[in-house]
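Each chain, letter by letter, is given below.
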Amino acid sequence: MEMEQMIDKYFRAGRLPHIWCPGCGNGIVTGAIVKAVDTLAIEKDNIAVVSGIGCSSRASGYLDFNTVHSAHGRALPVATGIKLAEPRLKVIVVTGDGDATAIGGNHFIHAARRNIDITVVLYNNNIYGMTGGQYSPLTPTNSRATTAQYGTVDRAFDVTELARGAGATFVARATTFHTQLLSDVIAQGIQHEGFSIIEAVTACPISFGRQNKMGSAPNMMKWQKEHGVMLAAYDKLPEEQKVDKFPIGILYKKLAPEYSAEYDKVIAKAQKGAK
Ligand code: SF4
Ligand code: MG
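Residues numbered from 1 in each chain as written. Chains lettered and ligands numbered in written order. Predicted model: local features only at pLDDT ≥ 70, side-chain atom pairs only at ≥ 80, totals over all residues.

## What about the nonpolar core?
Move 1: Val 121, Ile 186 and Ile 198 are the most contacted members of the largest nonpolar core, which totals 56 residues.
Move 2: Among residues more than four places away in sequence, those in contact with Ile 186 are Ala 32, Ile 33, Ala 36, Val 121 and Ile 198.
Move 3: Residues Ala 145, Phe 177, Ala 203 and Met 220 belong to the second largest nonpolar core, which totals 12 residues. (Core = buried A, V, L, I, M, F, W, Y, C linked by C-beta atoms within 7 Å. Buried ≥ 20, exposed ≤ 12 C-beta atoms within 10 Å, placed from the backbone. Contact = placed C-beta atoms within 7 Å.)

Listed below in structure tokens is the structure:
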């Protein structure tokens, strides 16, 4: 399906144009989600999209699925409730780096630990964009932010390692340059039965790019092209060449009991009165 047809089908009438700045990568990530849903031919009513707060979290207002625009950092508890109440739904969380790993960091690790069947698309623009460029837990060390005028001292999380360590069973990364890959890994994350996280490396030319002299939006995408390397090729790189590169593709996948299905078994036991 052409993107124009997808816009008519999957975006709410009258909600566009969006609020995102010119050159923002958020539209590319949101487009990749829509493309994944379209490829999987999932009925719109069988999808719930839950967001927190931030530039990326505005996506829930534009998309014509069952949607909730929740509170800052709280998308995952809301999504967990939805999945437990309506297990038939494919639940997708759209969130940013600050929303998911700072304010919502505790929810993030526990949702991963439970292996609940939710797909998280984490728009990683390395900054709090909406509030003017404060640094987040995914801002690279030494980067400038409005709250770190001389560069951050904090070490950034690798959110894919964090998710894997916490128990996520599907972990992938792609960028807004690698759009086909991004859509493919989101589709595979949606199909995976368990907690899936897709880190979508995206460009915020306004709040991150300007402060860090990264140039225009196309320059930032060129940076993604030059630094994102498919996992198999990345693994073969000498250690010194890995320093400024990052792996993309499916980074980790395994099968494990899924939380809402396990919870249903407990409910069935309780109904029978058997311990
Ligand atoms: Fe996009 Fe950054 Fe503008 Fe937010 S501030 S809409 S992330 S470019
Ligand atoms: Mg952000």
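## Quick look at the pairing of strand E1 (residues 47–51)
Move 1: Extensive coverage of E1 is indicated by the burial of five of its five residues.
Move 2: Burial of E1 is two-sided: the residues Ile 47, Val 49 and Ser 51 facing one way and the residues Ala 48 and Val 50 facing the other way are all buried.
Move 3: As defined by bridge partners, E1 adjoins strand E3 (residues 90–96) across five bridges and the pair is classed as parallel. Paired with Ala 48 across the bridge in E3 is Val 91. (Helix = DSSP H or I, 4+ residues; strand = E, 2+ residues; numbered from the N terminus. Pairing = 2+ DSSP bridges.)

## Digging into the environment of Gly 54
Move 1: Among the secondary structure elements, Gly 54 is positioned in the loop between E1 and helix H3 (59–62).
Move 2: Looking at Gly 54, the number of C-beta atoms within 10 Å reads 25, which means it is buried.
Move 3: Taking C-alpha positions, Gly 54 is 38 Å from Pro 238, a pair spaced 184 residues apart along the chain.
Move 4: Residues in contact with Gly 54, not counting those within four places in the same chain, are Gly 96, Gly 98, Asp 99, Gly 129 and Met 130.

## Section: the site of ligand 1
Move 1: Taken together, the neighbourhood of ligand 1 is formed by Trp 20, Cys 21, Cys 24, Asn 26, Cys 55, Asn 125, Gly 129, Met 130, Cys 204, Pro 205, Ile 206 and Ser 207.
Move 2: At three residues, helix H9 (residues 205–209) tops the list of elements feeding residues into the shell around ligand 1.
Move 3: In terms of residue class, the shell around ligand 1 is built from eight nonpolar, four polar and no charged. (Near = placed C-beta within 6 Å. Nonpolar A, V, L, I, M, F, W, Y, C, P; charged D, E, K, R; others polar.)

## Some details on the UniProt feature "domain: Thiamine pyrophosphate enzyme TPP-binding" (unreviewed entry) in the protein
Move 1: According to UniProt, the positions carrying the feature "domain: Thiamine pyrophosphate enzyme TPP-binding" (unreviewed entry) are residues 53–199.
Move 2: From the first C-alpha to the last, residues 53–199 spans 17 Å; its make-up is 36% helix and 19% strand. (UniProt positions renumbered as here; feature names shortened; annotations may be inferred.)

## As for the environment of Leu 89
Move 1: In this structure, Leu 89 sits in the loop between helix H4 (75–85) and E3.
Move 2: Owing to 19 C-beta atoms within 10 Å, Leu 89 belongs among the partly exposed residues under this scheme.
Move 3: Put simply, Leu 89 and Thr 131 are 42 residues apart on the chain and 32 Å apart in space, counted from C-alpha to C-alpha.
Move 4: Sequence-distant contacts of Leu 89, that is, excluding residues within four places in its chain, are made with Asn 46, Ile 47, Ala 48, Ile 82 and Lys 83.

## Description of helix H6 (residues 105–114)
Move 1: For H6, the set of buried residues is His 107, Phe 108, Ala 111, Ala 112 and Arg 114. In an axial view of H6, the angular spread of the buried residues amounts to 165°, which keeps them on one side of the axis.
Move 2: On the buried face of H6, the contacting elements are H4, helix H5 (97–103), strand E4 (118–124), helix H7 (159–166) and helix H13 (259–272).
Move 3: Following H6 by one or two positions, Asn 115 adopts a phi angle in the positive range, close to 55°. (Arc of directions from axis to C-beta.)

## What about the sheet that holds strand E6 (residues 196–201)?
Move 1: Taken together, eight strands build an open sheet; the order of strands is E2-E1-E3-E4-E6-E5-E8-E7 and the sheet is mixed. Here the strands that pair on one side only, and so sit at the sheet edges, are strand E2 (66–69) and strand E7 (228–230). When the angles between neighbouring strand axes are averaged without regard to direction, this sheet yields 20°.
Move 2: Relative to strand E5 (residues 170–175), H7 is tilted by about 170°, and along the sheet it contacts E4, E5, E6 and strand E8 (246–253).
Move 3: Contacting E3, E4, E5, E6 and E8, helix H8 (residues 179–191) crosses the sheet at an angle of about 160° to E5. (Axes fitted to C-alpha atoms, helices over the stretch in contact; angles between N-to-C directions.)

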